[in-house]
Amino acid sequence: QYGNFIDDLRLYVRGGTGGMGYPRLGGEGGRGGDVWLVAQERTTLKTIRDRYPQKRFVAGTGANSSVKALKGEKGKDCEVHVPLGISVLCDDGKQIGELNAAGERLLAARGGLGGSLATNFVPCKGQRRIVHLDLKLIADVGLVGFPNAGKSSLLSKISHAKPEIASYAFTTIQPELGKIMYADYKQISVADLPGLIEGAHANKGMGHKFLKHIERTKQLLLVVDISGFQLSVKTQFRTAFETILLLTKELELYKEELVTKPALLAINKMDLPCAKDNLDELMKQLQNPQDFFHLIEDEMIPEKTLEFKDLIPISTYTGEGIEKLKTCIRKTIYEEAERENEEYQKKKLLLLQTSE
């Protein structure tokens, strides 16, 4: 938990006990109710915690069999509304399932069988367990960058989000979601995530709390300060080129697949003096990154460098390049959707051919 934002919640869930059977007439008790997790928009894990401080969810007991009703009614189901983008895990860390779209349902705990001939007319208890709700934000674009690179300023420029912006390093201490609105009413969601630092893969700083949210974004937007970055007087100064390599390395060490996502590079603070010279130098370095690896420590060099679909120099202060960036974001999202659609059609065709 950071700030008022919660991205992990532990719940106790228990299915209802079955109803009693009726041995003399062979009557069957009703099955206990089930506990369901239901994805719903505008719901947060904080809402669940505040509304249900005990975090216990128990379904209803099945009705007993009687002379009037030999087959008892099923117990009442218990529904827990959860946000979109939830992974549901057992206490041992094994994943039960995911809920990514509104209305999706997941059975968290099954109700027990009612008493019947098979159970010697004795009802069974419902399933009970501890489940972890692990939230990973779903967004089209994830902003990736070191603290103070200008991610919050950029989000406020391209969307209607109003994140906290200041001159000190860590202004974003919880994920911020914004939407880019285009003239034809197309919307693209952008997530500004807590600032990454060296060693984040090993859970330093916001560590995994930051990195896990990138997993479900469709593409990455790296935001880099053209004049370089230094977290504090105790840490080493990093040039823009070194910053890009370090960010790539942190993503790679956390999960290799992140480096294969489509990526854009926004080179920020182009209004600063010497920005043009720094940009020329950076472009040279990015054209042949291997030629400049000797300038940095071996442990900073990623196995695979990010391939950027586009590089856009911007200034969140003057507004330079912002419109171009919005156009590039839309273009790459569209291209990726087209590529996925083509792959899906090819697979479908292949299945039809093999079935014939």
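These lines cover the structure that appears in this document, whether it is placed above or below. (Residues numbered from 1 in each chain as written. Predicted model: local features only at pLDDT ≥ 70, side-chain atom pairs only at ≥ 80, totals over all residues. Heavy atoms only, no water.)

Here helix H6 (residues 322-355) is 34 residues long and its end C-alpha atoms lie 50 Å apart, about the 50 Å a rise of 1.5 Å per residue gives. Within the sequence span of H6, burial applies to Ile322, Leu325, Lys326, Cys328, Ile329, Thr332, Ile333 and Glu336. (Helix = DSSP H or I, 4+ residues; strand = E, 2+ residues; numbered from the N terminus. Expected span 1.5 Å × (residues − 1). Buried < 20%, exposed > 50% of the residue type's maximum accessible area, 1.4 Å probe, protein only.)

Moving on, we come to the pattern of salt bridges. Across all of its chains, the model carries 21 salt bridges by this definition. When the shortest N-O distance is used, the salt bridge between aspartate 34 and arginine 31 registers 3.3 Å. Judged by relative accessible area, which is 4%, aspartate 34 ranks as buried. Among the ionic pairs, arginine 105 bridges to glutamate 79, the shortest N-O distance being 2.7 Å. Placement of the pair is arginine 105 in strand S7 (residues 105-109) and glutamate 79 in strand S4 (residues 78-82), with a sequence separation of 26 residues. Taking relative accessible area as the criterion, glutamate 79 reaches 39% and is therefore assigned partly exposed. Three or more residues are tied together by salt bridges with common partners; here these are Arg31, Asp34, Lys74 and Asp77. (Salt bridge = Lys/Arg side-chain N within 4 Å of Asp/Glu carboxyl O.)

This part is about the packing of helix H4 (residues 240-254) against helix H5 (residues 275-287). Helix-helix packing: each pair is described by the crossing angle between the helix axes and the interaxial distance. Where H4 meets H5, the closest approach of the two axes is 9 Å, and the angle between their N-to-C directions is 40 degrees. For the element pair H4 / H5, the angle class is oblique. Residues Ala240, Phe241 and Ile244 of H4 pack against Leu282, Gln285 and Leu286 of H5. For the contact of H4 with H5, the per-class residue count stands at five nonpolar, one polar and no charged. (Axes fitted to C-alpha atoms, helices over the stretch in contact; angles between N-to-C directions. Parallel < 35°, antiparallel > 145°, perpendicular 65-115°, else oblique. Contact = heavy atoms within 4.5 Å. Nonpolar A, V, L, I, M, F, W, Y, C, P; charged D, E, K, R; others polar.)

This next bit is on H5. Along an α-helix, residues three or four apart share an orientation, since each turn contains 3.6 residues. Between its terminal C-alpha atoms H5 stretches 18 Å, which fits the 18 Å expected from 13 residues at 1.5 Å a residue. Taken together, the buried positions of H5 are Ala275, Leu279, Leu282 and Gln285. Seen from one end, H5 has its buried residues packed into an arc of 125 degrees, which puts them on one side. The outward face of H5, more than 90 degrees from its buried face, is lined by the exposed residues Lys276, Asp277, Lys284 and Gln287. Of the surrounding elements, those touching the buried residues of H5 are H4, strand S13 (263-268) and strand S14 (308-313). (Arc of directions from axis to C-beta.)

Glancing now at the pairing of S4. In summary, the side chains of a regular strand alternate between the two faces of the sheet. Across the two faces of S4 the burial differs, with Cys78, Val80 and Val82 buried and Glu79 and His81 not buried at all. Direction of pairing for strand S2 (residues 35-39) relative to S4: parallel, over a ladder of five bridges. Residue valine 38 lies in a different strand from S4, and its bridge partner there is histidine 81. (Pairing = 2+ DSSP bridges.)

Right, let's get into the sheet that holds strand S11 (residues 187-192). Reading across the sheet, the six strands line up as S10-S11-S9-S12-S13-S14 and stay open at both edges, with mixed pairing between neighbours. In the strand order of this sheet, the two ends are held by strand S10 (176-181) and S14, each with one partner. On average, each strand axis in the sheet is inclined to that of its neighbour by 25 degrees, with strand direction left out of account. Looking at chain direction, S13 and S14 are connected through five bridges and run parallel. Residue pairing across strands places alanine 266 opposite isoleucine 312, the latter belonging to S14.

Taken in spatial order, the three strands of this open sheet run S4-S2-S7, and their pairing is mixed. The open sheet has two edge strands with one neighbour each: S4 and S7. The mean angle between the axes of side-by-side strands here comes to 30 degrees, regardless of whether they run parallel or antiparallel. With four bridges joining them, S2 and S7 adopt antiparallel strand pairing. Looking at the pairing, tryptophan 36 lines up with leucine 107 of S7.

A general trend in soluble globular proteins is that nonpolar side chains are found buried together. Core analysis: the largest hydrophobic core is formed by 60 residues, its most contacted members being Val35, Leu37, Leu133 and Leu222. With eight residues, the single largest contributor to this core is H4. Shared between two domains, this core holds at least three residues of each, these being domain 1 (8-135) and domain 2 (139-340). Sequence-distant contacts of leucine 37, that is, excluding residues within four places in its chain, are made with Val80, Val82, Val88, Leu99, Glu104, Arg105, Leu106, Ala108 and Leu133. (Core = buried A, V, L, I, M, F, W, Y, C linked by side-chain atoms within 4.5 Å. Domains from an automatic or database assignment.)

Let us now look at unusual backbone geometry. Unlike most non-glycine residues, lysine 55 shows phi in positive territory, near 55 degrees. Its location among the elements puts lysine 55 in the loop between helix H1 (45-51) and strand S3 (56-58). Residue lysine 269 is not a glycine yet carries a positive backbone phi of 65 degrees. Looking at where lysine 269 falls in the secondary structure, it is placed in the loop between S13 and H5.

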